[in-house]
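# Reading the structure
Letter by letter, the chains look like this.
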Amino acid sequence: MSIVTVQLGQCGNQIGHEVFHTLCSDIRGTHGLCSRKENQSYQDACKERFFWEEESGVPVARAVLVDMEPKVISQTLSMAARSGCWKYNNQSHFCQKQGSGNNWANGYSVHGPRHKESIMNLVQKEAEKCDRLGGFVTIMSVAGGTGSGLGAFVTQCLRDAFPASFILNHVIWPYGTGEVIVQNYNCVLTLSRLYRSADALLVHENDVVHKICAQLMNIKHISFRDVNQVIAHQLGSVFQPTHTAEGGPNYSRNPLGDLMETLVPHPEFKMLGLRNIPHIPESSLPYSTFSWPGLIKHLRQMLIANAQMEEGIDWQVRPPPAGSSSRSTRKPLHFNASVANLVILRGKDVHSVDLGSFQDPSLYPSWLNPQDALNAWRTPRAFNKYEKSASLVSNSQFLLKPLDSAVGKAWNMFASKAYIHQYTKFGIEEEDFLDSFTTLEQVISSYTSL
């Protein structure tokens with residue numbers, strides 16, 4: 001099945017480009033470390049998922065690019081075309097001359113309804129090119145105006161137009177220090193809307209990715225492109241083809257469906273976090289060796305201690321003893337409880353890896369069977385130059401702290417009516433804010449009670 005990507009705003013378009021570039025360089029690489037037959041079926045599955053081919057044989061990304069100003073889209077289109085190994089469809093983008101000025105209401109209430117028909121026509125055309133449509137991935141920031149406001153509107157339109165398709169929102173959480181003065185308002189309004197329309201939200205935090213660039217990749221002067229490449233690598237590590245437990249020898253045909261089935265057991269819990277190891281500079285690869293027991297041990301501790309990278313993990317954090325009756329009152333400090341986990345293993349000897357430590361009942365609430373809460377996908381095909389790599393997509397309490405902080409800051413601003421007029425002039429009323437706060441307070445409460 002194929003996935004149509006909708007890239008929204010500056011952030012969504014720049015990350016989307018890096019994602020397709022990563023996928024393409026991975027399938028063109030000779031570092032598969034597996035049989036030729038395995039490599040061929042991996043390449044075919046990836047192409048069906050993310051690209052269609054022109055008569056010339058050049059892969060064309062299954063993507064729609066949307067922004068309210070032309071600069072980023074024209075850069076993105078020309079960078080892809082210059083790469084020589086893939087391109088975007090020149091007919092699949094929509095831009096205007098004037099941005100949303102970081103105003104969520106402008107993107108949601110003005111640009112959205114005004115341009116709905118044009119944008120949805122592009123999406124429909126892209127969807128019709130798929131033999132079988134598996135669903136949509138939207139890529140957007142939650143802080144600005146176009147990505148977040150227009151993104152929330154487009155997600156609702158996707159849900160209305162394709163009620164049976166899966167929708168995954170990939171959202172970028174802003175730097176804690178702040179990029180935009182009203183970013184907490186924008187976060188609250190966006191997330192509450194997405195929670196109603198999407199099947200799941202996969203969240204990357206800018207602060208975390210920045211730390212990976214600095215501490216693990218040893219990049220001295222970190223650019224947005226460096227950050228976006230790490231995000232693209234992590235997304236590729238999830239969406240490139242794998243064998244699911246039930247899929248037998250063939251690669252999974254329905255990646256979004258499989259993802260939702262394994263990770264979203266209840267509509268109240270839709271927040272997904274992503275961790276991927278190892279992350280090291282390319283120059284260090286020849287001198288590095290990794291063992292599966294070592295990678296799995298690190299990945300499990302990253303999960304329970306809510307560490308986002310393998311450096312600086314708190315090894316003191318332990319899950320509560322199994323069977324402790326009053327879970328919520330006896331829960332150890334900083335322990336990160338999960339609703340569901342998906343471990344994805346790529347590379348040498350994957351089928352011998354023991355994941356029993358992820359089936360520990362103390363990692364999950366008592367209403368879940370640990371056997372059902374953990375799933376594993378594997379492929380002997382190595383990913384992006386790493387002989388062995390492991391990813392963990394986790395539906396857990398990982399976002400509680402930043403979410404609680406954003407809602408708290410937004411509420412304090414709202415209580416003093418700060419900047420509200422910037423929203424009401426575009427038709428977003430105080431009622432809309434209160435509805436959004438209520439929705440997210442419920443999400444926070446559900447995850448806290450795990």
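Please read these numbers as outputs of a predicted model, since none were measured by experiment. (Residues numbered from 1 in each chain as written. Predicted model: local features only at pLDDT ≥ 70, side-chain atom pairs only at ≥ 80, totals over all residues. Heavy atoms only, no water.)

Here the focus is the pairing of strand S11 (residues 374–379). Across the six residues of S11, six count as buried, placing the element largely inside the fold. The two faces of S11 match: Leu374, Ala376 and Arg378 on one face and Asn375, Trp377 and Thr379 on the other face are all buried. Direction of pairing for strand S10 (residues 338–347) relative to S11: parallel, over a ladder of six bridges. Residue Ile344 lies in a different strand from S11, and its bridge partner there is Trp377. (Buried < 20%, exposed > 50% of the residue type's maximum accessible area, 1.4 Å probe, protein only. Helix = DSSP H or I, 4+ residues; strand = E, 2+ residues; numbered from the N terminus. Pairing = 2+ DSSP bridges.)

All right, on to the domain arrangement of the protein chain then. Entries for the protein chain in the domain assignment read domain 1 (2–272), domain 2 (282–396) and domain 3 (401–449). Summarising the inter-unit geometry, the C-alpha centres of domain 1 and domain 2 are found 25 Å apart. Counting from both sides, the interface comprises 41 residues of domain 1 and, opposite them, 29 residues of domain 2. For the pair domain 1 and domain 2, the two sides together bury roughly 3,000 Å², of which 63% comes from carbon and sulfur. Joining domain 1 to domain 2, the criterion identifies one salt bridge. Between Arg381 and Asp26 there is a salt bridge; the shortest N-O distance is 3.2 Å. Linking domain 1 with domain 2 are 12 residue pairs in polar contact (both at pLDDT 80 or more). Looking at the side of domain 1 that touches domain 2, the elements that each hand over two or more residues are helix H1 (9–28), helix H2 (36–50), strand S8 (200–205), helix H7 (206–216), helix H8 (224–239), helix H9 (255–263) and strand S9 (271–277). Per-class residue counts for the side of domain 1 that touches domain 2 are 21 nonpolar, 14 polar and six charged. (Domains from an automatic or database assignment. Contact = heavy atoms within 4.5 Å. Buried area = accessible area lost by both parts, 1.4 Å probe. Salt bridge = Lys/Arg side-chain N within 4 Å of Asp/Glu carboxyl O. Polar contact = N/O pair within 3.5 Å; in protein donor to acceptor, adjacent residues only side chain to side chain. Nonpolar A, V, L, I, M, F, W, Y, C, P; charged D, E, K, R; others polar.)

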